[in-house]
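Each chain, letter by letter, is given below.
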Amino acid sequence: MSVRAVTKKTGVRWLMLGAVLPLLVPVAGGAPAETVPLEQLDVTGTRITRPDIEGVSPVVVLDRSYIERSGATTTNELFRKVVYNTFGIVDETFTLGTAPASAGVDLRGLGVNRTLVLIIGRRVPIFPFAQGEPDGRASFVDINLIPLGAIERVEVLKDGASAVYGSDAVAGVVNFILREDYQGADLSVRLGQTSENDGEEAHLTFTGGVSNDRGNLTFNVDYFDRRAVQAKDRDISESALGPIDDRSLFGNPGTVIREAGFPEPDPRCPADSSNPEKGPFCLYDYAPWFTLIPETQRLGHTASGNFDITDALTFFASVYYVDSESERDLAPGLGFFGVGADNPNNVYPGEELGLLYRVEELGPRTDTFETDTYNLVGGLRGGFGDWDWELAGGASEIDTRIRGVSGYATQGAVQEAIDSGTLNPFGDSPDFDSAEATYVTAREGESRLYYLDFEATGDIYQLAHGALAAAVGAEYRNEEFSDQWDPVTESGAVLAVGGSSGDGDRDVGAVFAEFSVPFLTRLEFQLAGRYDDYSDFGGTFNPKLGVRWQPLPSLLLRANGGTGFKAPALHELYSGDIVAFDSVFDPASGNVQEVTIIASGNPALDAEESRNYGLGLVWDVTDAWNLTLDYWRIRIEDAVNNDPQFYVNNEALFSSNVILDEDGNIVTVLSPIENKSEIKTWGLDLDTSFHWGAPTTGDFRLGLVGTYLGSFEREPVPGAGFEELAGKDGRPRWRGQGI
């Protein structure tokens, strides 16, 4: 990973704190050197500008050259290679969820909802639909809606920062700095495909800019197009029958429930579709129907500019708009149907039958997704005396539309076709008209964010060992959320999909302050505090203390500790019932079962609370070899959890949440969103590199970036005991990358 110094821009002066770069080495003895003022830098993690990006917390910088060398064509691809982004199930390949082609950042494996994502130091709206994770449904910022070609650099703060930024900054902060102050023109085109001759990609980005002595205008156009990859075309995903038999109980041929009340396979059921361990069902391999990587098109436009009104006052603004479209296929719909005793297709004439059936006659369920997002920010910045100030306001919105364009039908339409005999669930159906039975589903989501903020930073007083610096400010924002289903789907009439509409909004006000205190020449204390007041759950204050000590010119030691919080997301508070179908492992039977999952919002949710601690060193061992080592520890209380597997594992305690049929099979899991979990985790980060060069061959660099997850313990409810998850569920003990 390339870790480089941040080039000072005339852009937004914001955010910030610490990093992992070679230390400044003092000038060798000789004639007295002329004193040159050091340029002040903006660093993610602190609002106080400083002459270097070393600080009390570790920051990794992915600069433009690293982005170009990575070969990534989407922002998600770029973050797949970041070793601190450990889990990543909210990914464009997660096509079973409600947001295919989208992606989130998951620092430390704590969930995409506990990493704060910023664009040029400011918040953006969360995606309107929550996405599934091992601990339940989670809100997230879709980083694929940030055009890769518009990014100048990414700053990753690997530390909690609620004392600086407020909610969500529990595992860390990812700050995307967009290109600005650019002059000239640049065109980049990338084409490619997979080794299996599918998944063709095209990525085109154009950046241009003009400047004069009073300002600059920079603009970017970014276009991405990718063809789909189907699960059946990869060995790893072509079948649901693997080490664990994950095939569905709803098949085609199906499973009959006769008058005696016991299930038995349709007489046509192939022998290889049975598994005695899963019961007397005709099992169904749904995997070949699925889209593994969705077809996607995205077009993004960004522009930023600044204009010096006077020598002491500058106007700045930035805007971007992105349109994203994608499509995915799922296995055909499923349901439980009745077959009358006098039905002409009844294979057991005279008996009333129940039938678990996969309606292949409708074809695959095909969904289209269209998302439009815009982000607009503008403001003024200036200075008075030794202080700089900035006043800005902005608005952001994400609108998403999902259409089930084929393969969907209502329970009533399919049952009517069975009753009339046109749909024969026990044989061919030449007279069945799938178009007549098909129903087009619709779901629309909106997420909006409006804000106004002010901050000022400067020196308060000159102490014996340097200036006492400070940053103060205030912020107001309004957040809005809406999730609306079409009436028929909301009523539960459509096979294999459903949910209730919901909406909500809230206001948030915050004040913050930060101080940098030079206690000795090479010893600095940083203190930060922030108070946030939410209109729905109340207020919270979060402090942070950091120490930076440089005992030698080549050695920096640092330590920090603080508290944090994650406010409940609007969908967690105000969503209606969300109906999904998923697989759970039933400890009673030892089988994986496909069940209905029902989750719903909870207006009584409170904020999650966290504590973060860190220790680290940055050491230039020699002129050619540098080493960075950081220890981190995080504890989260009142964590939100609606993991359906937890309720299944603890059915004795939550019997009302696990609904069984008369044969003891799980059919539905009620998975409410509640504050009930606790998480404890710690780990170590290593970043080391060696540089050498020769006059005839050039410069070389060899490095290693790695992270070790020492422990990741979760207690689902108080008193249940902690379970060690390090090395499980996509949270590897070790992750590294050679550079």
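## Remarks on the overall build of the protein
Of regular secondary structure, the protein possesses eight helices and 37 strands. The C-alpha atoms of the protein give a radius of gyration of 28 Å, which matches the 27 Å a tight globule of 739 residues would have. If you line up the protein on its principal axes, its C-alpha atoms span 105 × 60 × 55 Å. Buried residues in the protein amount to 56% of all 739 residues. Expressed as a percentage of contacts within the protein between residues at least 6 apart in sequence, the contacts between residues at least 24 apart total 72%. Accessible surface, the protein as shown: approximately 29,800 Å² in total, 57% of it carbon and sulfur. Charge-centre separation for the protein: the mean point of 56 positive side chains lies 8 Å from the mean point of 112 negative side chains.

## Points about the packing of aromatic side chains
Using the criterion set out here, one finds 16 aromatic pairs in the structure. Judged by centre distance (5.5 Å) and plane angle (20°), the rings of F127 and F140 are stacked. Here F140 lies in the loop between β5 (136-138) and β6 (151-157) and F127 lies in the loop between β3 (122-123) and β4 (131-133), a separation of 13 residues in the sequence. By relative accessible area, F140 is classed as buried at 2%. Chaining the aromatic ring pairs together yields one cluster made of Y631, W682, Y708 and W734. Seen from the ring of Y182, R179 lies directly overhead, with NZ or CZ sitting 5.1 Å from the centre. The side chain of R258 reaches across the aromatic face of Y348, ending 3.8 Å from its centre.

## Examining the sheet that holds strand β1 (residues 59-62)
Read from one edge of the open sheet, five strands run β1-β6-β7-β2-β3, paired in mixed fashion. Each edge of the open sheet is held by one strand with a lone partner, namely β1 and β3. The pairing of β1 with β6 spans four bridges and is classified as antiparallel. For V60, the partnering residue across the bridge sits in β6 and is V156.

## Examining the nonpolar core
Counting 44 residues, the largest nonpolar core has F79, I151, V154, V174 and F176 as the members making the most contacts within it. Per element, the largest residue contribution to this core is four residues, and it comes from strand β31 (residues 625-641). Residues within four places of I151 in sequence aside, it is in contact with R64, I67, T75, I146, F176, I177, L178 and R179. The next biggest cluster of nonpolar side chains, apart from the first, holds 18 residues, and it includes V256, F337, V359 and A417.

## Overview of the pattern of salt bridges
Under the criterion given, the structure shown has 41 salt bridges. Of the charged contacts, one joins K544 and D159 as a salt bridge, the two residues approaching to 2.7 Å between their closest N and O atoms. Here D159 lies in the loop between β6 and α3 (162-165) and K544 lies in strand β26 (residues 538-552), a separation of 385 residues in the sequence. Like K544, the residue D159 is buried in the burial classification. The salt bridge partner of R506 is D536, with a shortest N-O separation of 3.1 Å. Taken together, the residues R506 in strand β24 (residues 502-520) and D536 in the loop between β25 (523-534) and β26 connect sequence positions 30 residues apart.

## A few points about the confidence of the model for the protein
Across the protein, pLDDT averages 87, with 92% of residues at or above 70. For residues 1-38, every residue scores under 50 in pLDDT, and the model assigns this stretch 140 contacts once sequence neighbours within four places are set aside.

## Looking at the sheet that holds strand β17 (residues 334-339)
With respect to topology, four strands assemble into an open sheet ordered β13-β12-β18-β17, the strand pairing being antiparallel. Each end of this open sheet is capped by a strand with a single partner; those strands are β13 (263-265) and β17. Along the sheet, successive strands turn relative to each other by an average axial angle of 30°, direction set aside. Bridge count between strand β12 (residues 255-257) and strand β18 (residues 353-358): three bridges; the pairing is antiparallel. The residue of β18 that forms the bridge with T255 is L356.

## Some words on the environment of T194
Locating T194 in the fold gives a position in the loop between β8 (184-192) and β9 (201-212). Among the residues examined, T194 registers a relative accessible area of 26% and is labelled partly exposed. Distance from T194 to V229, taken between C-alpha atoms, is 9.3 Å for residues 35 residues apart in sequence. Sequence-distant contacts of T194, defined by excluding residues within four places in its chain, comprise G199 and R234. Among the polar contacts made by the side chain of T194, one reaches the side chain of D198 at a distance of 2.4 Å. Within the local environment of T194, its side chain forms a polar contact with the side chain of R234, the two groups lying 3.4 Å apart.

Calculation rules
- Each chain has its residues counted from 1, following the order in which its sequence is written.
- With the structure being a predicted model, the display of local features is reserved for residues of pLDDT at least 70 and the display and counting of side-chain atom pairs for 80 or more, all residues being used for whole-chain, interface and lining totals.
- For the side-chain quantities, the full set of heavy atoms in the structure was used; hydrogens and water were omitted.
- Counting from the N terminus, the helices are the DSSP runs of H or I reaching at least four residues and the strands are the DSSP runs of E reaching at least two.
- Restricting the calculation to C-alpha atoms gives the radius of gyration, and the globule rule supplies 2.2 Å times the number of residues raised to the power 0.38.
- Throughout, exposure labels follow a simple rule: accessible area from a 1.4 Å probe, protein chains only, divided by the maximum for the residue type, with under 20% read as buried, over 50% as exposed, and the rest as partly exposed.
- The contact criterion used throughout is that any non-hydrogen atoms of two residues lie within 4.5 Å.
- The accessible surface values rely on the Shrake-Rupley method and a 1.4 Å probe; as for residues, cover is taken only from the protein chains in view.
- Within this scheme the basic residues Lys and Arg register as positive and the acidic residues Asp and Glu register as negative, but His and the chain ends are omitted.
- Taken as the charge location is NZ of Lys, CZ of Arg, CG of Asp or CD of Glu.
- Pairs were defined over the aromatic rings of Phe, Tyr and Trp, the Trp ring being its six-membered one, requiring ring centres within 6.5 Å. Orientation was assigned from the angle between planes: stacked under 30 degrees, edge-to-face over 60, tilted for the rest.
- Look at NZ for Lys and CZ for Arg. If either is within 6 Å of the ring centre and within 35 degrees of the ring normal, a charge sits over the ring.
- Here, a strand pair is defined by DSSP locating no fewer than two bridges between the strands.
- Among the buried residues, those of types Ala, Val, Leu, Ile, Met, Phe, Trp, Tyr and Cys that are joined through side-chain atoms within 4.5 Å form a nonpolar core.
- One speaks of a salt bridge when a side-chain nitrogen belonging to Lys or Arg is within 4 Å of a carboxyl oxygen belonging to Asp or Glu.
- What pLDDT reports is the predictor's confidence in each residue, on a scale of 0 through 100.
- Axis lines are fitted to C-alpha atoms, over the contacting stretch for helices. Their N-to-C directions set the angle, which ranges from 0 to 180 degrees.
- In protein, a polar contact means a hydrogen-donor-capable atom and an acceptor-capable atom, both N or O and within 3.5 Å, with residues adjacent in sequence counting only if both atoms are side-chain atoms; elsewhere, any N or O pair within 3.5 Å suffices.

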